[in-house]
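# Analysis of the macromolecular model
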Amino acid sequence: MAKRNADVVIVHAAELVTCGGPPEGIRGAALQRLETIPDGALAIRDGRILAVGSTAEVSRRFAAPVTIDASGRLVSPGLVDPHSHLLYGGTRHEEHEAKVTQRAPARRMDGGIRYTVRKTAEASDAELVARAYADLDTMLLHGTTTLEAKTGYGLERAAELRLLRLTAGLRHAIDVVPTFLALHVLPEEYAGRRADYLAAAVGALEEASGLATYCDVSCDPICFTFDECLQVGAAARATGMKIRVHADQFGDARGALAAARLHATAADHLDYASDEGFRALAAAGTVATFLPGVTLHMCEMTPRFADGGLTDAEKPFMPLVVRRAIDAGVAVALSTDYNPGSCPTPSMQMVMALAARLFRLGYAEIWNMCTLNAARALDLAEDRGSLEAGKRADVAVWNVPSHGMAINRFGVNLVDTVIADGAVVVEGGRLKRGRARRRAGAPARKAGAAMARM
Ligand code: NIG
Ligand code: FE
């Protein structure tokens, strides 16, 4: 039998994890299952996965000019990070030190956000974009191949649209999905004039919809109410944007219910979400995204950490919250929430390590939550998030032999090789020169475009 041509084949993986599952996301007990192929292999052509199987099978069927020998290594899907605030100015390390040492009264989160808004306004476009590219390079080196990037440090209509334009203009090996964060926190100038601010937010949606895939709203006791989020979310939907929600981070503001009502693709944070909220998310098919980097960075592991009087309620114990979501049948994903205030790590590997330790999740659960379910949190699970024939060829090769060791060993970058959209962009733990950044203005590959050629 003549061999079919491929562009790249990976052979002899000590273990290949497919992370396959239904495009609606993996739920309940199924999260504990992970398909692993010993001596695994895969073939890639035109940016798509042609076949996945044992080395014997794949080598028999395919020939390629580039062969990657993954002996002794784990091969996995590229990681998907479905929540970040990529563009911002300044840093909040001083605020963080004051918080952890409890030397100074902690600033409420909305005060921290307003500080970053000022620093972002002071930064030039070139500075913001240069920092974003540096962060994208770091994320790619750590195995992330798809990233949701939202605005949020503009607050004023013109400033938010500036951040959205810059975000939408990024061209990188990481596929960046832009989100317009229409409601983050109320700017101080609008104190007592909430209706005016909501009207301004709605006024920006038409223009935002030309640049963003998603519109996000924050439904939280210190952000916006259930009704306000429904109002702006519904208006955003009418422009064609899909919806995501920052929900119930500092208290139950019925954010999960708002997300379900808006048929949001994902609801994120959810520390204080009710069981009714989780049941509503399950019924609506909305993904619940949890953010262990925030739990760590905000020192929320233990109850009653003094928190500047943010809330009187005892901090929920996050392992129980995440388990309640799983038991309610919600598709659960994990993400960084990369931002200068609540989570400055850009690494999904760190998120995986923290999810085991802070959320007490099993390793298979974590892999499913950072791959297929994270892709589902961006409505992209039909296109990526698992190593299955026909899907986008986003692959990570790790310096450890198993999926378990990739989570067990932490604090160092374990990714050796990254393939994004079929191209080898990281090799030997280093960016391949000229490969990570696409030419500015080059159109991103349309999802599924190459599938037709299969
Ligand atoms: O996703 N509503 C929440 N907003 C951010 C906080 C960002 C910050 O502190 O700057 C979040 O965690
Ligand atoms: Fe966020």
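Residue positions are given per chain, counted from 1 along the sequence in the order it is written. Labels are handed out in written order, letters beginning with A for the chains and numbers beginning with 1 for the ligands. Residues qualify for local features only when their pLDDT is at least 70, as the model is predicted, and side-chain atom pairs are given and counted only at 80 or more; totals for whole chains, interfaces and linings, by contrast, use all residues. Only hydrogens and water are set aside; all other atoms, that is, all heavy atoms of the structure, feed into the side-chain values.

## Thoughts on the coordination of the iron ion (ligand 2)
Here the iron ion (ligand 2) is held by the protein donor atoms His83 (NE2), His85 (NE2), His246 (NE2) and Asp337 (OD), which lie 2.1 to 2.5 Å from it. When the donor residues of the iron ion (ligand 2) are listed from N- to C-terminus, their spacing reads H-x1-H-x160-H-x90-D. With His85 in the loop between strand E8 (79-81) and helix H2 (93-101) and Asp337 in the loop between strand E15 (332-334) and helix H12 (348-359), this pair connects stretches of sequence that are 252 residues apart. Partly exposed describes any residue whose relative accessible area lies between the buried limit of under 20% and the exposed limit of over 50%, with all areas from a 1.4 Å probe on protein chains only and scaled to the type maximum. Residue His85 is classed as buried on the basis of its relative accessible area of 2%. Metal donors: N, O and S atoms at distances within 2.8 Å, or within 3.2 Å for Na, K and Ca, with water omitted from the atom set so that some sites may seem incomplete. Where helices and strands are cited, they refer to DSSP runs of H or I of at least four residues and of E of at least two residues respectively, numbered from the N terminus.

## Side note on the site of ligand 1
When we say a residue is near a molecule or strand, we mean one of its heavy atoms is within 4 Å of it. Near ligand 1, the surroundings consist of 14 residues, among which Arg92, Tyr153, His184, Asp337 and Ser342 are the closest. In protein, a polar contact means a hydrogen-donor-capable atom and an acceptor-capable atom, both N or O and within 3.5 Å, with residues adjacent in sequence counting only if both atoms are side-chain atoms; elsewhere, any N or O pair within 3.5 Å suffices. The separation between an oxygen atom of ligand 1 and a polar side-chain atom of His246 is 3.1 Å. One of the side-chain nitrogen or oxygen atoms of Asp337 is found 2.7 Å away from an oxygen atom of ligand 1. Here the Shrake-Rupley method, with its probe set to 1.4 Å, supplies the accessible areas, and only the displayed protein chains count as covering residues. Contact with the protein chains hides 98% of the accessible area of ligand 1, taken as 340 Å² for the molecule alone. Assessed atom by atom at 2 Å from the grid points, ligand 1 resides in the largest cavity. Among the residues forming the shell around ligand 1, the class breakdown is 3 nonpolar, 9 polar and 2 charged. Grid points spaced at 1 Å and placed over the protein atoms alone form the basis of the search, with a cavity being a set where a 1.4 Å probe fits but cannot get out and a pocket an open set showing protein on both sides within 12 Å along at least five of seven lines. Lining residues have an atom within 4 Å of a point. Assignment of a molecule to a cavity or pocket requires that more than half of its atoms lie within 2 Å of the corresponding grid points. We call Asp, Glu, Lys and Arg charged. Ala, Val, Leu, Ile, Met, Phe, Trp, Tyr, Cys and Pro are nonpolar, and the rest, Gly among them, are polar.

## Quick word on the pattern of salt bridges
Any Lys or Arg side-chain nitrogen located within 4 Å of an Asp or Glu carboxyl oxygen qualifies as a salt bridge. Counting across every chain of the model gives 25 salt bridges. Salt-bridge contacts for Glu207 lead to Arg165; the nearest nitrogen and oxygen are separated by 3.2 Å. Note that Glu207 is positioned in helix H6 (residues 194-209) and Arg165 in helix H5 (residues 157-168), a separation of 42 residues in sequence. Between Asp271 and Lys315 there is a salt bridge, and its shortest N-O distance comes to 2.7 Å.

## Some words on the confidence of the model for the protein
The quantity known as pLDDT measures the predictor's confidence residue by residue, on a range of 0 to 100. In this model, the protein carries a mean pLDDT of 93, and residues with pLDDT of at least 70 account for 93%. Contact definition: two residues touch when any of their heavy atoms are within 4.5 Å. Predicted confidence for residues 306-312 stays below pLDDT 50, and this span has 11 contacts to residues more than four positions away or in other chains. In this model residues 439-454 is a low-confidence stretch, pLDDT under 50, and it forms 24 contacts with partners more than four residues away in sequence or in other chains.

## Some words on the environment of Leu361
When you line up the elements, Leu361 lands in the loop between H12 and helix H13 (363-370). As a C-alpha pair, Leu361 and Val80 span 281 residues in sequence and 18 Å in three-dimensional space.

## Comments concerning the state of the cysteines
Disulfides are defined as pairs of cysteine sulfur atoms found within 2.5 Å of each other. Tallied over the full model, the rule gives 0 disulfides. Cys229 takes part in no disulfide bond, and the closest cysteine sulfur to it belongs to Cys219, at a distance of 4.1 Å.

## Quick look at the nonpolar core
Remark: nonpolar core denotes a set of buried residues (Ala, Val, Leu, Ile, Met, Phe, Trp, Tyr, Cys) joined through side-chain atoms within 4.5 Å. In this structure, Leu86, Leu270, Leu281, Phe290, Leu334, Trp367 and Trp398 are the most contacted members of the largest nonpolar core, which totals 132 residues. Residue contributions to this core peak at 8 residues, all from H12. Residues lining this core come from more than one domain, with at least three contributed by each of domain 1 (4-77 + 385-431) and domain 2 (79-346). If you look at the next biggest cluster of nonpolar residues, it comprises 17 residues, including Ile10, Ile44, Ile49 and Ile68. The start and end points of each domain follow an automatic or database-based domain assignment.

## Some remarks on the sheet that holds E8
Hydrogen bonding along the main chain pairs the strands of a sheet, whether they run parallel or antiparallel. Here we have 8 strands laid out as an open sheet, ordered E8-E9-E10-E11-E12-E13-E14-E15, and parallel in their pairing. Across the chains shown, the open sheet's two edge strands, defined by having one partner strand only, are E8 and E15. On average, each strand axis in the sheet is tilted by 25° relative to the strand beside it, whichever way the strands run. Sheet analysis places strand E14 (residues 287-290) next to E15, joined by 3 bridges and oriented parallel. Note that in E15 the partner of Thr289 across the bridge is Ala333. Contacting strand E10 (175-183), strand E11 (214-219) and strand E12 (242-247), helix H7 (residues 226-238) runs over the sheet at an angle of about 175° to E11. Note: two strands are recorded as paired if DSSP finds a minimum of 2 bridges between them. Structural elements are reduced to axes, namely lines fitted to C-alpha atoms, with helices fitted over the stretch in contact, and the angle between N-to-C directions of any two is expressed from 0 to 180 degrees.

## Notes on H13
For H13, the buried fraction is high: 7 of the 8 residues fall into the buried class. Inspection of H13 places Ala364, Glu365, Ile366, Trp367, Asn368, Met369 and Cys370 among the buried residues, and these make up the whole buried set.

## Some points on the domain arrangement of the protein
Once the domains are mapped, the protein shows domain 1 (4-77 + 385-431) and domain 2 (79-346). Between the C-alpha centres of domain 1 and domain 2 there is a distance of 31 Å. Contacts between the two partners involve 20 residues from domain 1 and, on the opposite side, 17 residues from domain 2. Seen at the junction of domain 1 and domain 2, the total is 0 salt bridges. The set of elements that each furnish at least two residues to the side of domain 1 that touches domain 2 consists of strand E17 (415-420), strand E18 (423-427) and strand E19 (430-431). With 4 residues, the top contributor of residues to the side of domain 1 that touches domain 2 is E17. For the side of domain 1 that touches domain 2, the per-class residue count stands at 11 nonpolar, 4 polar and 5 charged.

## Points about empty space enclosed by the protein
Grid points are joined across faces, edges and corners, and a volume is the space filled by probe spheres set on the points. According to the stated counting rule, one finds 3 cavities of 30 Å³ or more in the structure shown. A volume near 150 Å³ is recorded for the largest cavity.

## Section: helix H9 (residues 275-284)
When we look at burial in H9, the residues that qualify are Gly277, Phe278, Ala280, Leu281 and Ala282. Here the buried face of H9 lies against helix H8 (255-261), strand E13 (266-269), E14 and helix H11 (318-327). Phi for Gly285, located one or two positions after H9, is positive at around 75°.

## Regarding the pairing of strand E4 (residues 48-54)
When you tally the buried positions in E4, you get 5 out of 7 residues, the bulk of the element. Alignment of strand E3 (residues 36-45) against E4, held across 6 bridges, turns out to be antiparallel. Within the sheet, the bridge partner assigned to Arg45 lies in E4 and is Arg48. If you look at the hairpin formed by E3 and E4, you'll find 2 residues sitting between the two strands, and Asp46 has a positive phi there, around 50°.

## Quick look at the packing of aromatic side chains
For Phe, Tyr and Trp, rings pair up if their centres lie within 6.5 Å, where Trp contributes its six-membered ring, and each pair is then called stacked (planes under 30 degrees apart), edge-to-face (over 60) or tilted (otherwise). Counted by the stated rule, this structure contains 6 aromatic pairs. Pairing Tyr197 with Phe224 gives two aromatic rings, centres 6.0 Å apart and planes at 15°, and the pair type is stacked. Of the two residues, Tyr197 sits in helix H6 while Phe224 sits in the loop between E11 and H7, which places them 27 residues apart along the sequence. Residues Tyr197 and Phe224 agree in their burial class; the two are buried.

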